[in-house]
Amino acid sequence: MKRCMQVFMVVLLVFGVANGLWAADVKGLIKGGMQDLKIEKGNPNLLALTDATYVKVNGKTSEGYVDMIQEITGCSIGKGNLLFFHRPITYPLKVVLFRKDTKDAVIITYNGKKTGKVNLNMDGDKATKPDGWKQIKEKIGSLSDTFSMVTIANAWAKSAPFDFLKCCEFHNHLCPGVSTGYQIVQFILEKYQLKKAEKYVWIACPLWCKDDAVQILLDLTPGKRSLFVKQLTADQKKAVSGEKPTDNIAGILVIWNNKANKGKAVAFRYDWGKACQVSGVEKKDFSPKGGKKNPVFWTTRVKGNWGLMPYLDKPADFVKVVKEVEVSPQMYTKMTTAGVNPYEVLGLTK
Ligand SMILES: [Zn+2]
């Protein structure tokens, strides 16, 4: 029995030491990455982007890596150059070091067993062309990692506002859909400021990436019953679309007054035609032949990202109010209930 215990302790020790070594390996790789990039600690041209805090490594939460990254790179949340991207808890740890001036990057991966390091150029402007995109994707491997890393790192390099980057963090990438959500929120805050006893409720219908930005910026969540999520069929969409087919119905804001027990609903459209025009893309290229396997699927989105960036705080040309309607408690219940098309309740369906 005693011998059994000894063996057990030795095994535990070996595993413990090995785990420590691997963690130390990540430290060494980050240090090596800094040398590869020829950049010194605290240089404001450096970004550290990681999924640490979201993922678990060998069953342990990964917040400790944030201090490690900060100590070696000098990047910090307060300086706005230590950013995160959302991943499921089961995903490997990833640390991206990225130079704003050269767009050179080092990506470190650790899955709890093995470490890896990739050096590459991650220029967001080159990623707007199929060849440039393919080059970056081949180095990184995973499509979703490529899209997350290229878009968030380059949005930072292009001086995107921090609250916008928070939306990208939660959504795990920047795509034009996130930008449309950011614009809709700017529009809401300009035109529909809350008065006493009022609160916002967002009916995300139909859904696209915008709704994650609404969630983050206004703290409206399904769990708190302040965000309701409903899909529309193609026919239902058609019945509420504008004159132009690219004038998409985008959602309903309810401004609810708890004291008066009534509210106001505002239905919005988003002008995707305008978004495509300022980005120099065509709407059809968002869904090209071959889907995600076709680089055009991605390059169109990257182009849209950079195209919409100058308009993030200029929503008026993109966001349109379709209708404002007084809402009774009965209407509110109906609009938010399963199986009901909320635009029908507002009298907006043809
Ligand atoms: Zn998206």
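Predicted model, so just to flag it, every value in this text is computed and none were measured.

**Observations concerning the sheet that holds strand E11 (residues 262-271)**
And step 1. Taken together, five strands build an open sheet; the order of strands is E9-E8-E10-E11-E12 and the sheet is mixed. Each edge of the open sheet carries a strand with a single partner, namely strand E9 (227-229) and strand E12 (319-327). On average, each strand axis in the sheet is tilted by 20 degrees relative to the strand beside it, whichever way the strands run.
And step 2. In this sheet, strand E10 (residues 247-257) lies alongside strand E8 (residues 198-204) in antiparallel orientation, the contact comprising six bridges. Bridge pairing in E10 links lysine 199 to tryptophan 256.
And step 3. Here helix H7 (residues 210-218) sits on the sheet in contact with E8, E9 and E10, set at roughly 165 degrees to E8.

**As for the sheet that holds strand E1 (residues 46-50)**
And step 1. Taken in spatial order, the five strands of this open sheet run E4-E1-E5-E6-E7, and their pairing is mixed. Pairing within the sheet leaves two strands with one partner each, and these edge strands are strand E4 (82-84) and strand E7 (115-121). Shown here is a sheet whose adjacent strand axes are inclined to one another by a mean of 20 degrees, direction ignored.
And step 2. Sheet strands in contact with helix H2 (residues 64-73) are E1, E4 and strand E5 (93-99), and its direction is about 165 degrees off that of E1.

**Describing H7**
Residues spaced three or four apart along an α-helix point in a common direction, a consequence of the helix completing one turn every 3.6 residues.
And step 1. Within H7, seven of the nine residues are buried, which leaves it mostly tucked inside the rest of the structure.
And step 2. Every buried residue of H7 is listed here: Lys210, Asp211, Asp212, Ala213, Val214, Gln215 and Ile216.
And step 3. Downstream of H7 by one or two residues, aspartate 219 has phi in the positive range, about 55 degrees.

**So, the domain arrangement of the protein**
And step 1. Partitioning the protein into structural domains gives domain 1 (22-159) and domain 2 (176-345).
And step 2. Centre-to-centre separation of domain 1 and domain 2, based on C-alpha positions: 31 Å.
And step 3. Across the boundary between the two partners, domain 1 contributes 13 residues, which contact 10 residues of domain 2.
And step 4. Per-element tally for the side of domain 1 that touches domain 2: the top contributor is helix H4 (residues 143-157), with five residues.
And step 5. Considered class by class, the residues forming the side of domain 1 that touches domain 2 number seven nonpolar, three polar and three charged.

**As for the pairing of E11**
And step 1. Of the strand pairs in this sheet, E10 and E11 are connected by 10 bridges, and their pairing is antiparallel. Note on E11: the bridge partner recorded for tryptophan 256 is glycine 263.
And step 2. Where E10 folds back onto E11 in an antiparallel hairpin, the turn is made up of four residues, including asparagine 261, whose phi is positive at roughly 55 degrees.
And step 3. Bridge analysis of E11 against E12 gives eight bridges, and the strand direction is antiparallel. Looking across to E12, one finds that phenylalanine 268 is bridged to valine 321.

**A closer look at the nonpolar core**
And step 1. Membership of the largest hydrophobic core comes to 92 residues, with the highest contact counts inside it found for Leu49, Ile152 and Ala153.
And step 2. The contacts of leucine 49, once residues within four sequence positions are left out, are Leu83, Phe85, Val96, Phe98, Met149, Ile152 and Ala153.

**Some details on the environment of lysine 284**
And step 1. Relative to the elements of secondary structure, lysine 284 occurs in the loop between helix H9 (272-279) and helix H10 (295-308).
And step 2. Sequence-wise, lysine 284 and phenylalanine 297 are 13 residues apart; in three dimensions their C-alpha atoms are separated by 9.7 Å.

**Overview of unusual backbone geometry**
And step 1. A cis amide bond links cysteine 205 to the next residue, proline 206, at an omega of -5 degrees.
And step 2. Mapped onto the elements, proline 206 comes out in the loop between E8 and H7.
And step 3. You will see that aspartate 219, though not glycine, has its phi angle at about 55 degrees, which is positive.
And step 4. With respect to the secondary-structure elements, aspartate 219 resides in the loop between H7 and E9.
And step 5. Positive phi, normally seen in glycine, also occurs at asparagine 261, with a value near 55 degrees.
And step 6. Structurally, the position occupied by asparagine 261 is in the loop between E10 and E11.

**Considering H4**
And step 1. Here H4 spans 21 Å end to end across 15 residues, near enough to the 21 Å set by a 1.5 Å rise per residue.
And step 2. Of the residues making up H4, those classed as buried are Asp145, Thr146, Phe147, Ser148, Met149, Val150, Thr151, Ile152, Ala153, Asn154, Ala155 and Trp156.
And step 3. Immediately downstream of H4, the backbone of serine 159 shows phi near 60 degrees, a positive value.

What counts and what doesn't
- Residues numbered from 1 in each chain as written.
- Predicted model: local features only at pLDDT ≥ 70, side-chain atom pairs only at ≥ 80, totals over all residues.
- Pairing = 2+ DSSP bridges.
- Helix = DSSP H or I, 4+ residues; strand = E, 2+ residues; numbered from the N terminus.
- Axes fitted to C-alpha atoms, helices over the stretch in contact; angles between N-to-C directions.
- Contact = placed C-beta atoms within 7 Å.
- Buried ≥ 20, exposed ≤ 12 C-beta atoms within 10 Å, placed from the backbone.
- Domains from an automatic or database assignment.
- Nonpolar A, V, L, I, M, F, W, Y, C, P; charged D, E, K, R; others polar.
- Core = buried A, V, L, I, M, F, W, Y, C linked by C-beta atoms within 7 Å.
- Expected span 1.5 Å × (residues − 1).

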